[in-house]
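# Coordinate inspection notes
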Amino acid sequence: MNEHQEAIKVLNLDHLGIVAGIIDEMELVEEVNKIVGITTQEMLSPGQVMKAMILNGLGFLSAPLYIFEEFFVGKATSHLIGKGILPEHLNDDRLGRALDKYYQVGTTKLFTTIAMKAAHKFQVKMNSIHLDGSSMYVQGEYKKQVKNSDQIEKEPEPETSEMKPIEIVHGYSRDHRPDLKQFIIDMIVTGDGDIPLYLKIDSGNIDDKSVFVSRLKEFKKQWTFEGICVADSALYTRENLSAMTGIKWITRVPLSIKSAQEKIVDIQESEWQASSKKGYKIAERASEYGNIKQRWLVIESDLRKQASIKQIDKQVNKQELSAQASLRKLSRQKFACITDAETAIKKLSDTWKYHQITEIECQEKSHKKPKTPSKKAGKIDTIAYQIIGKIETRPEIISAEKIKAGRFILATNILDKNEITNEQILEEYKDQQSNERGFRFLKDPLFFTSSVFVKKPERVEAIAMIMGVCLLVYNLAQRKLRQELESANASIRNQVKKLTNKPTMRWVFQMFQAVHLVNLNGAEEISNLTKERREILNYLGKVCGQYYLIVEDG
């Protein structure tokens, strides 16, 4: 009986075979080893360690990275990473040395090398790209450290901007967490499948407006990119527009610009053009802001307009209650002269956006000094002034706000409509959500962002780069599956058991839970590989299928 038990070994495979297959198809291990370098005494190469970290990162467990080794206990580690690789080989010390190597070759350089290879292998289109940045939060002091014996030995190199450790500090918090220190991830993704092509980790106090253009120029130099760059309003400054000569761009115009405030309301009803995108309409304007000829599109969204008008009405009502209370308080106050009273009530009225004080009256009030031994009681000593008025709305302001409700302005330096139409500009900007989806992925509590535990900014930066590679692998897998389903005019069931040709990889990963690699008397088999799972693997291709022991006939 004991001999029979020893002859059977069951290891968890789950969805990790899909992740490993996409990594292999990207040729990631080979590329990382090529740029980082390998030594003969290493049991695991730097590329294999990165593969293991991606498997950990896309394992969707709430396991922090400091129990990295424990993640692989019970899993098919040798099958996924390399023959002879055991969980104990993936220890904290090996992980730390690999992170140091990734940092020393340059996190952006390493990520770009991996992304370029992947984009070529998967034939990713780059007609348009989307640039954005987001804050990543950590806890702890994270003081800048000097080199010590813990760092790997290497020939001294001239310090470049890539080699300066990031500063994990307080900065502008996009997620309203000013209490936490942060670092910034700037990312460029392609409109074709949300594939990240460029990643740069910055210090927590970096301002988007000051770095976005340099990020675009660096990307354009590395990728020889000739498409259109799409970004949010942080890109739109006079300095940035002037610096982007030779780059085609689409961006949102900040409404703090005076000419934008004028153009967004000065539109006749006959000028609107209905958009093919339901609920939107477009009015075109010309602009030379920053001495750059541009096409401006004023966009109005019906859905956003209705929501904004409701919010304006709510704010008007709320402000009126507050204004009434402030006016009552002021009317009890006594002033030495009429001028002081009128100044005070004007100052109060000017603080309100939607209301004003009218029918202002200044009243004289007798002001008696308290009794004193030298003066008769009740003697009138001076005259004081109190002021009253009536609160009314500012109808012209409210009307103007409701006209602007649901509107925003897009700008581009592409003047030729044959190159890109107004409709396409709106569509490209709406696809800016691709970056937002990527950042939501990186901040998911199931991902290992919360495990940014190491006390060296250099290693934090390297881990952040790994997070970006995890997103790259995930989106490549999702893009490939969706493309294959569309090409075959096929669908798979989603979470609510309805057919879809655009499944999320998160759901697909969940579908592969409880798939095991079984070693029976030296022969390997896969358990629980249902017909549905086999069909999905067929769409993902033979490289993923091989991890589930699927060998194509012929």
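Residues numbered from 1 in each chain as written. Predicted model: local features only at pLDDT ≥ 70, side-chain atom pairs only at ≥ 80, totals over all residues. Heavy atoms only, no water.

So, on to the environment of Leu 442. Looking at where Leu 442 falls in the secondary structure, it is placed in helix H16 (residues 433-442). Residues Leu 442 and Cys 470 lie 28 residues apart in sequence; the distance between their C-alpha atoms is 8.7 Å. (Helix = DSSP H or I, 4+ residues; strand = E, 2+ residues; numbered from the N terminus.)

Moving on: the confidence of the model for the protein. Parts of the prediction with low pLDDT should not have their coordinates interpreted in detail. The share of residues in the protein with pLDDT of 70 or more is 82%, and the mean pLDDT across the chain is 85. Across residues 145-162, confidence stays below pLDDT 50; counting only partners more than four residues off in sequence or on other chains, it has 24 contacts. Scored below 50 in pLDDT, residues 448-452 makes 19 contacts in the model with residues more than four places away or belonging to other chains. (pLDDT = per-residue confidence, 0-100. Contact = heavy atoms within 4.5 Å.)

What follows deals with the pairing of strand S6 (residues 248-252). Direction of pairing for strand S5 (residues 228-231) relative to S6: parallel, over a ladder of four bridges. Residue pairing for S6: Ile 228 is matched across the bridge by Lys 248. Tracing the backbone out of S5, into helix H10 (residues 238-243) and back to the parallel element S6 gives a crossover that is right-handed. For S6 and strand S12 (residues 407-412), the ladder comprises three bridges, and the chain directions are antiparallel. (Pairing = 2+ DSSP bridges. Right-handed = clockwise from strand over helix to strand, strands pointing away.)

Attention now moves to helix H13 (residues 338-350). Counted at 1.5 Å a residue, the expected span for H13 with its 13 residues is 18 Å, and the 18 Å between its end C-alpha atoms agrees. Taken as a whole, H13 has its buried residues at Ala 341, Ile 345, Leu 348 and Ser 349. Buried residues along H13 cover an arc of 100 degrees about the axis, so they all sit on one side. Facing away from the buried side of H13 by more than 90 degrees, the exposed set consists of Thr 339, Lys 346 and Lys 347. (Expected span 1.5 Å × (residues − 1). Buried < 20%, exposed > 50% of the residue type's maximum accessible area, 1.4 Å probe, protein only. Arc of directions from axis to C-beta.)

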